[in-house]
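Fold and contact review
Residues per chain, in single letters:
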Amino acid sequence: MTDRIRLLVEHDRNRDLLAEWLAERYDVHAGTGEGTVEATDLCVLDEGGFERHRERVTDWKDRADPVFAPVLLVADGSYDDLDPETWESVDGLYVVDDVVVAPVEQAVLHRRIENLLSRRELSTDLADSYRRSEERFASLFHAMPDPALVLSEGHVTYVNDAFCAQYGVERDDTNWRRLDELEPLPPETVETIQAQVGRAAERVDAAAGGDATDGAGGVRTLGTWASETRSGGEASAARTNGTASTAADDPDDEAPTTDASWGDDTETVVVETAAGEERYVETNVRPLTVDDRRSVALVMRDVTERRERKRTLERQNERLEEFASIVSHDLRNPLQVLSGRLQAIEAERDAGGDVALDEHVPSMHRSVDRMRTLIDDLLSLARGGDAIADPSPVSLATAAGEAWETTDAPDADLHVRTGRSVLGDPSRVRQLFENLFRNAVDHGGEHVTVVVDDLEADAGFFVADDGPGIPPGERDAVLEMGYTNSDDGTGIGLGIVTEVATAHGWEVDLTESTDGGARFEFRGVDS
């Protein structure tokens, strides 16, 4: 395609001569009317045309950016008499790109024009490549399954589709907003992300051999870490939701793009989804260039399930440690008793005397009963901490009645004064009552009275007895696994109560009953 040249030359004779010289090679437009300069590859002006059409040409160059829009000035007289300061545009770039001084030879003019057009062609190729890179980046950015946003100068300039969908926001509503203006991000989360980006800025500056200060002695933060622009390092004032690119505009001013300079600095923060659900996300920052501004991309990966799996694994490991402690300590004692009694029986038999079974058997029975109790408690503990996957309505009266039937206390009394049902696992609720009832009988005696009733204001339910109660200083400890103040206790029963309550999402508190005994209160109960 023939290059298009517009002549904005005020001198009529010179304009006609230039048009004649250039028409052989180029598509020449010699009109000097007002209006925008459109469909042009190069403008040729004389000094009068420059004064008259400077704003038109400046507007043309600005709209063509980043493509080079060349302007050639044909000047009369000495080149030294011209004032270059009058050639600059508002962004610090020269409006005039080359000057020829009359009289000019045709060959010289053609050579100058060809040089300028070659620069324009090169810039067009680079701009097309840049645009394709932007389009590829934008495509990848939107295709990311994780929510992501771009920050420039402390403001959001771009968000991807996943961010909009996950947090229920419109892209236009996020444009040039600060992080603390985004509703999905609580204040604590914003502070964490700001510190994370600030640390990243310091590492980039250190890797580049610069410092991480803002020039006033302060450390650069998200808001002060401004980008360098093509006009010489000033922070850009453009506020457009532009397209992101990882390309830098100058090889000598390239934004850092390697993990080596940024490190693996991740944070786990809390966000709120469009449904109002709090989720844990892992944030990661990476450098990129957006609209010629040095910026960062913030990627937010949901780790809620992973975090819960980790916590579940930690609880399981803790439970395994509890098992090991109980097996190695509590089961060893009754086994040692059995072993000792068996050795004594064998010794008496080998000695040829009568074996005093009445002396040994009761102790052996107690050891067996003790081990059976420990094994039952361990089995209960093994499933006591698992979360309730599919809760269903459970009648407290029914669960308490069934648990009482398995309690070996014929002289004790149970009074169930609630008709309430709760959402839970029937077997686990019954297990909770079984351990509470056994604790009441063990510590309150065979004539203990146990009451199951509702808390005031329908806040939950409680189980109380009229036994000796538990001293205030021990009430927190007895709910922990392994605590007991009895030689015959396993320290597991009330720990199981805590595990079952936690699995249902209930809160358990231990206080004193109206009769001076123990009262276990359960709150946060869903009906």
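Attention in this report is confined to the structure presented alongside it. Everything quoted here is computed from the prediction, not taken from an experiment.

1. Quick look at the pattern of salt bridges
The final tally for this structure, using the stated rule, is 27 salt bridges. Arg52 is the salt-bridge partner of Glu10, the closest N and O atoms lying 3.3 Å from each other. Of this pair, Glu10 sits in the loop between β1 (4-8) and α1 (12-22) while Arg52 sits in helix α2 (residues 47-64), placing them 42 residues apart in sequence. For Glu10, a relative accessible area of 30% puts it in the partly exposed group. Among the residues examined, Arg52 registers a relative accessible area of 41% and is labelled partly exposed. Residues Arg112 and Asp98 are paired through a salt bridge, measuring 3.4 Å at the closest nitrogen-oxygen approach. Of the two residues, Arg112 sits in helix α3 (residues 106-143) while Asp98 sits in strand β5 (residues 98-101), which places them 14 residues apart along the sequence. Connected through shared salt-bridge partners, Arg177, Arg178, Asp180 and Glu181 make up one network.

2. So, a negative patch on the surface
A grouping of Asp411, Asp413, Glu446, Asp466 and Asp515 is seen on the molecular surface, where their side chains present a negatively charged patch. Following the sequence through the fold, Asp515 ends up in the loop between β18 (507-512) and β19 (518-523). Classification of Asp515 by relative accessible area gives exposed; the value is 59%.

3. Details of the pairing of strand β6 (residues 148-152)
By the criterion of burial, β6 is predominantly enclosed, with five of the five residues buried. A two-sided burial pattern is seen for β6, the buried positions comprising Ala148, Val150 and Ser152 on one face and Leu149 and Leu151 on the other. Inspection of the sheet shows β6 paired to strand β12 (residues 293-302) by four bridges, in the antiparallel sense. Bridging across to β12, Ala148 finds its partner in Val299. With four bridges joining them, β6 and strand β7 (residues 155-159) adopt antiparallel strand pairing.

Basis of the calculations
Numbers given to residues run from 1 along each chain, matching the order in which its sequence is written. Per-residue local features of the predicted model are confined to residues with pLDDT of at least 70, and side-chain atom pairs are confined, for both listing and counting, to 80 or more; whole-chain, interface and lining totals are unaffected and use all residues. Where side-chain values are given, they derive from all heavy atoms of the structure, hydrogens and water being excluded. For salt bridges, the criterion is a side-chain nitrogen of Lys or Arg within 4 Å of an Asp or Glu carboxyl oxygen. Each helix is a run of DSSP H or I of at least 4 residues and each strand a run of E of at least 2, with the numbering of both proceeding from the N terminus. Accessible area is worked out with a 1.4 Å probe on protein chains only. A residue is then buried under 20% of its type maximum, exposed over 50%, and partly exposed in between. For patch building, the residue pool is restricted to those with more than 30% relative accessible area and no salt bridge; the joining distance is 9 Å between like charges and 5 Å between nonpolar side chains (Val, Leu, Ile, Met, Phe, Trp, Tyr). Areas reported as accessible are Shrake-Rupley estimates using a 1.4 Å probe. Residue values count occlusion only from the protein chains shown. In summary, the charge assignment counts Lys and Arg as positive and Asp and Glu as negative, without counting His or the chain termini. Lysine's charge is taken at NZ, arginine's at CZ, aspartate's at CG and glutamate's at CD. By the convention used here, strands pair only if DSSP detects at least 2 bridges between them.

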